[in-house]
Amino acid sequence: MKREQFIKYSKISVLLLLIVLVQACSSTKFVPEGEYLLNDVSVEIDSREVSREELKNQVRQSGNMKILGFLKFHLGMYNLSSKKKSNDWLKRIGEAPVVYEDFQTLRSLEQLNIYLENKGFYDAEISDTLIYHPKKNKVNLEFSIKAGEPYRIRNYNYQFEDKEISNDVLSVANEQLIGAGDIFDVDVLDEERDRISTVLNNRGYYYFSKDYIQFSADTTLNSKQVDLTVEISDSDLENEVDSVVRHKKYVVRNYQIIPDFEPMSSLNRNQNTLEVDTLFEPPYTFIYKDKLKYRPELFENLNRVKDSTNYSLANVEKTFRSINQLQQFKVINLNFEPVDFLGNDSIGVLDAIFQLSPMERQGFSVEVEGTNSSGNLGVAGNLNYQHKNIFRGAEIFDITFTGGIERQQALVENNSLSFNTQELGVEVTLTFPEFLSPFESRGIYNFQVPQTTMSLGYNYQHRPDYTRTITNLSFGYNWKSSSYKTHYFNLVDFYYVNLYQFNDVFISSIQDLYIKSSFTDHLISALSYTYVENTQSLSRKENYHYFKWSVESAGNVFAALSGITNMKEVSEVDSITGVKTSYNQLFGTRFAQYLESDLEYRYGYMIDNYNALVGRAYLGVGVPYGNFDVLPYEKKYFTGGANGIRAWQVRTLGPGTYKADSGDYPNQFGDIKLEANLEYRFRLAGMVEGALFLDAGNIWAINNKDNREGSVFHFDKFYKQIAVGTGAGLRFDFTYFLFRLDLGMKLRDPSLEEGKRFIPGNYPIKGEHFNLSFAIGYPF
């Protein structure tokens, strides 16, 4: 089927489907006689100090799920099913009608009242109203809440039975979550119990729990004010001398490491003891079978428990994260056992036992996949070998061989099936679970240990228009400073790009263009830093944000070296401007010099468990200077395609208002990229999700070196050159990967005549205004 026909029939099918669904959604044929479909539930409150979303969560009965806030798609699917069949496929993928029930309203009133009292609103008035629509057999349920004035805390005090722990608690009292003047919120009080308990766990009190913390509230003032006292009681353990035992601080004495722990064998300790060997390196004892597969200093370096004089839960968590980061063990148990015959009334002693069950240390993997790049079909694959402990220090060694072939349609005559693009490559990576540096830097990495990564790669690419080889070498670090903050620092990022076997037609087509400068041999030696903050959790459906900032500088070391050594310059006449330029070479190749920085921000708003709204903004700027007055080809920006502005094929949009000839191979790049995306995601049925999206943006050149008409960025013009596209998509969630299909439609094309750049209303809608994209994973 031709692309235009596919798009035509797709639009007709979608239109018919929407008509059927709208009709089906208005039906109540499965609502029993005399009962009503719960059409909508709303909660209104006259106070901004209470979350309406949290209040709605207390309602025990909600209407059928909606798409776009009004379309009950799943109810419509259910209503399309047959009354004669009890479990047909439409019923399975749809949702049965929610029939209104009186007792659920009573439960909702009770839950709302409990929630409001927990939030300090003890005098709230809650009423419910039913609005019937007898002809439609539907009912709306409305809850109206007059919150009244909340109870607030007047005085906030501590009371200790055990005076020894008062200093530890009071020293961080400024971090308390609630205090005088705040609303008397029971949920916040419970969080405060957790906070105090954690503080004491981090200061040596191994057995302390929040059960020892109680709040005493005096509300006899009759003025909606509360005098609150935090009561921290003694330990409830008894001994022969005292009636109670005071809370103890604990120190950790010894560490027992079992790096090949087998959970089932621990059931028979006698037999297990006879089969193992032991290595003593006080305070560490290593218990292993046959051979100790890890160097002892690995665990000594990873162990953060020893960083504090007393036991600290935070240090235990750091140790767990660091061991887990190794990707060596499938089970990690960090246990502590008291040593009863040591210690005294105020200090206890613990022995640590680290039980670690190993993963397979070596393995091969083979991947084969079909590819689709701008309609160019191909096949690619890779062979990977990994060793997770190559030098007995949990170093991860990876070697990957890649290969692929592709058919570039624009350059293939007579619709032949020949694959005219080939790619072969190999990359070796070695990752160390430590910071390899002559400088002491442990204080920087206080969340978990860093990683040092080295890689070396070679890639061969043969295309119809040129052949290129890329040799790359990198050395850098990555570390986490919190559970959602990650840092990447590449000290060395070296690329050597060699281009040859140019197609004469290709060269002549770009001989006067800025992009030609990119198709020359060049060296890149860059220094880069990237910061990522990502609060998204795959296990929880909640709002999240993602922020990424990166900066990269290249060529400055080579430029300084050229100046110091008085390196001889090479001169040539610029083919575009006719101006004579001079530059330095290293190993007979011109090196690039530039500064580049990117900013990206995403926000995901979870409307409910079935609907989400995700937005993204991106800005990237690359400034070439010094020895190379254009950005290297590998560092340029492009847009369009499955992860850009989806109404355009990849690399066919821009720069600016420029439009390439229809027969040209998609190859549009720029120095500046501005992009924004908004996507509404909703569940359709089973593993199928739907999406509606709006994309906007473009790329531009940064200086007049680019002579493509309309390509250069100008502050007073760029906003008039924004491309806009919209569309819809399907996502198929196969658990281990997500397959995505997006159909984008151009709304505003900056390459069109100014004043007539909006396509709807100015031009008939044609197949050329649509683009179909296939991809793996979400676009952002």
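Residues numbered from 1 in each chain as written. Predicted model: local features only at pLDDT ≥ 70, side-chain atom pairs only at ≥ 80, totals over all residues. Heavy atoms only, no water.

Draft legend 1. Summary view of the sheet that holds strand β11 (residues 347-358). Reading across the sheet, the five strands line up as β8-β9-β7-β11-β10 and stay open at both edges, with mixed pairing between neighbours. The open sheet has two free edges, formed respectively by β8 (277-281) and β10 (329-338), since each of these has just one partner strand. Within this sheet the neighbouring strands show an average axis-to-axis angle of 25 degrees, counted without direction. Taken together, the eight bridges between strand β7 (residues 249-258) and β11 define a ladder with parallel strand orientation. When the sheet's bridge partners are listed, K249 is paired in β11 with I347. Contacts between helix α10 (residues 313-325) and the sheet are confined to β10 and β11, with β10 contributing the most and set at about 155 degrees to the helix. (Pairing = 2+ DSSP bridges. Helix = DSSP H or I, 4+ residues; strand = E, 2+ residues; numbered from the N terminus. Axes fitted to C-alpha atoms, helices over the stretch in contact; angles between N-to-C directions. Contact = heavy atoms within 4.5 Å.)

Draft legend 2. Just the nonpolar core, in detail. Residues Y255, I257, F299, F329 and F336 are the most contacted members of the largest nonpolar core, which totals 27 residues. Of all the secondary-structure elements, those providing two or more residues to this core are β7, β9 (284-288), α9 (296-302), α10, β10 and β11. Beyond its immediate stretch of four places on either side in the chain, F329 contacts P259, Y294, F299, I323, L356, S357, P358 and M359. (Core = buried A, V, L, I, M, F, W, Y, C linked by side-chain atoms within 4.5 Å. Buried < 20%, exposed > 50% of the residue type's maximum accessible area, 1.4 Å probe, protein only.)

Draft legend 3. The sheet that holds strand β4 (residues 152-160), seen in detail. Spatially, β4-β6-β5 is the arrangement adopted by the three strands of the open sheet, whose pairing is mixed. Edge positions in the sheet fall to β4 and β5 (213-218), since each has one partner strand and no second. Neighbour to neighbour, the strand axes of the sheet diverge by 20 degrees on average, direction disregarded. Examined bridge by bridge, β5 and strand β6 (residues 225-232) share six bridges and lie antiparallel to one another. Following the sheet pairing, Q214 is matched in β6 by E231. Packed onto the sheet, helix α7 (residues 186-201) meets β4, β5 and β6 and runs at close to 140 degrees relative to β5.

Draft legend 4. Representation of a nonpolar patch on the surface in the model. Together, F364, V366, V368, V379, L383, F401 and I405 make up an exposed nonpolar region whose accessible area comes to about 680 Å². Looking at which element gives the most residues to the nonpolar patch, the answer is strand β12 (residues 362-373), with three residues. Looking at where F401 falls in the secondary structure, it is placed in strand β14 (residues 396-406). What makes F401 partly exposed here is its relative accessible area of 42%. (Patch = residues over 30% accessible without salt bridge, like charges linked within 9 Å, V, L, I, M, F, W, Y side chains within 5 Å. Areas by Shrake-Rupley, 256 points an atom, 1.4 Å probe, with all protein chains shown as cover. Salt bridge = Lys/Arg side-chain N within 4 Å of Asp/Glu carboxyl O.)

Draft legend 5. How the structure looks around the environment of S582. Examined against the element boundaries, S582 turns out to sit in strand β22 (residues 580-583). S582 sits in the partly exposed class, given a relative accessible area of 37%. Each C-alpha atom of the pair S582 and N627 lies 7.9 Å from the other, and the pair is 45 residues apart in sequence. If sequence neighbours within four positions are ignored, S582 has contacts with E569, V570 and S571. One polar contact links S582 to S571, side chain to side chain, over a distance of 3.1 Å. (Polar contact = N/O pair within 3.5 Å; in protein donor to acceptor, adjacent residues only side chain to side chain.)

Draft legend 6. Inspection of the environment of G697 at higher detail. Positionally, G697 belongs in strand β28 (residues 688-700). Taking the relative accessible area as the measure of exposure, G697 reaches 2% and is therefore buried. In this structure, the C-alpha to C-alpha distance between G697 and L619, residues 78 residues apart in sequence, is 9.7 Å. In this view, G697 contacts I645, L653, L674, E675, I722 and A723; residues no more than four positions away in its chain are not counted.

Draft legend 7. Region of the structure containing the layout of surface pockets. Considering only enclosed or pocket space, the second largest pocket measures out at about 1100 Å³ in volume. What lines the second largest pocket is a set of 29 residues, and nearest its centre among them are K56, N57, S62, I607 and D608. Contributions of two or more residues to the lining of the second largest pocket are made by β1 (37-45), α2 (52-58) and β25 (594-606). Of the residues in the lining of the second largest pocket, the class split is 11 nonpolar, nine polar and nine charged. (1 Å grid on protein atoms, 1.4 Å probe; cavity = no way out; pocket = protein on both sides within 12 Å on 5 of 7 lines; lining within 4 Å. Points joined across faces, edges and corners; volume = space filled by probe spheres on them. Nonpolar A, V, L, I, M, F, W, Y, C, P; charged D, E, K, R; others polar.)

Draft legend 8. Geometry of the pairing of strand β29 (residues 723-733). Where β28 meets β29, 10 bridges bridge the pair, whose relative direction is antiparallel. When the bridges of β29 are listed, V688 appears paired with F732. In the sheet, β29 pairs with strand β30 (residues 738-748) via 10 bridges, with the strands oriented antiparallel. Note that in β30 the partner of A728 across the bridge is L743. Counting the residues in the hairpin turn of β29 and β30 gives four residues, including T735, whose phi is positive at 70 degrees.

Draft legend 9. Looking closely at helix α5 (residues 102-118). Compared with the 24 Å implied by 1.5 Å per residue over 17 residues, the 25 Å span of α5 between its first and last C-alpha is a close match. All of the buried residues in α5 are Q104, T105, S108, L112, Y115 and L116. End-on view of α5: buried residues confined to an arc of 105 degrees, all on one side of the axis. Across from the buried face of α5, at angles greater than 90 degrees, the exposed residues are D102, L106 and E110. Contacts from the buried residues of α5 go to β1, α2, β2 (125-133) and β3 (138-146). The positive-phi residue at the C-terminal boundary of α5 is G120, with phi of around 95 degrees. (Expected span 1.5 Å × (residues − 1). Arc of directions from axis to C-beta.)

Draft legend 10. Structural context of the confidence of the model for the protein. Mean pLDDT over the protein works out to 86, with 87% of the residues at or above the 70 mark. Counted against residues more than four places away or in other chains, residues 238-243, with its pLDDT under 50, gives four contacts. Low pLDDT, under 50, characterises residues 267-272; the predicted model gives this stretch two contacts beyond four residues in sequence or across chains. (pLDDT = per-residue confidence, 0-100.)

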